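Given next are the chains, with one letter for each unit.
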Amino acid sequence: MAIRPIITHPNDVLLKKCKEITVFDTKLAELLDDMYDTMVASDGIGIAAPQVGEAIQAAIVDLGEGQDIIEMINPEIVEIGGSEIEVEGCLSFPDIYGEVERPFHVKVEAQDRTGALYELTAEDYEARAILHEIDHLHGVLFTTKVIRYVELEELENEVEEV
């Protein structure tokens, strides 16, 4: 397992619609392991394959807090509901944060690293993270959805007030 460099904006790989994965082998497993290590080393909660230079449909979300790591291969959104506006950031946009409106609820069909199909339902912050990573797989960047940019100092003040 290795920590890979994170691709930052601007870079064309971040704007590509990623290719569907059809081969579930040790190379894919190694990529997923590397993506996870890279995400953790960068203090992220999600990462998509294009963020490590691979234009394929693979993404990971890990909120920690005793929850399972979510590995999504070829994810498809099958249901969304509700709406909320929250602040997001992105490993490919260091120190840039903004308020983004996203669905509160999502249901996704995806494959795991072995190719087995599964369904996942998520709400709130977990749904937001999943949708953010799926956007990456379609070449959609969170900055195209920002309603209002938020300064780092503003975020730090909010954390101190809680």
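Calculation notes
Residues numbered from 1 in each chain as written. Predicted model: local features only at pLDDT ≥ 70, side-chain atom pairs only at ≥ 80, totals over all residues. Heavy atoms only, no water. Salt bridge = Lys/Arg side-chain N within 4 Å of Asp/Glu carboxyl O. Helix = DSSP H or I, 4+ residues; strand = E, 2+ residues; numbered from the N terminus. Buried < 20%, exposed > 50% of the residue type's maximum accessible area, 1.4 Å probe, protein only. UniProt positions renumbered as here; feature names shortened; annotations may be inferred. Contact = heavy atoms within 4.5 Å. Polar contact = N/O pair within 3.5 Å; in protein donor to acceptor, adjacent residues only side chain to side chain.

This part is about the pattern of salt bridges. Opposite charge on two side chains permits pairing when their charged atoms draw close. Inspection of the entire model under this criterion finds 12 salt bridges. Note that Arg4 and Glu54 form a salt bridge whose closest N and O atoms lie 3.6 Å from each other. In this pair, Arg4 sits in the segment before helix H1 (26–41) while Glu54 sits in the loop between strand E1 (46–48) and strand E2 (58–61), placing the two residues 50 residues apart along the sequence. A relative accessible area of 24% means that Arg4 is categorised as partly exposed. Glu54 gets classed as partly exposed once you look at its relative accessible area, which sits at 31%. A salt bridge links Asp135 to Arg102; its shortest N-O distance comes to 2.9 Å.

Let us now look at the UniProt feature "active site" (unreviewed entry) in the protein chain. When the UniProt feature table is mapped onto this chain, "active site" (unreviewed entry) is found at Glu133. In contact with Glu133, other than residues within four places in its own chain, are Gly46, Ile47, Ala48, Gln51, Ala59, Ile60, Val61 and Met72. At 3.2 Å, the side chain of Glu133 and the backbone nitrogen of Ala48 are in polar contact.

A word on unusual backbone geometry. Each neighbour pair has its own omega, and for His9 with Pro10 the value is 5 degrees, a cis peptide bond. Within the secondary structure, Pro10 sits in the segment before H1. With a phi close to 50 degrees, Asn74 is a non-glycine residue in the positive phi region. Looking at where Asn74 falls in the secondary structure, it is placed in strand E3 (residues 70–81). Accessibility expressed as a relative area gives 9% for Asn74, which makes it buried. Not every positive phi belongs to a glycine, and Asp95 is a case in point at roughly 65 degrees. Looking at the element boundaries, Asp95 is found in strand E5 (residues 93–102).

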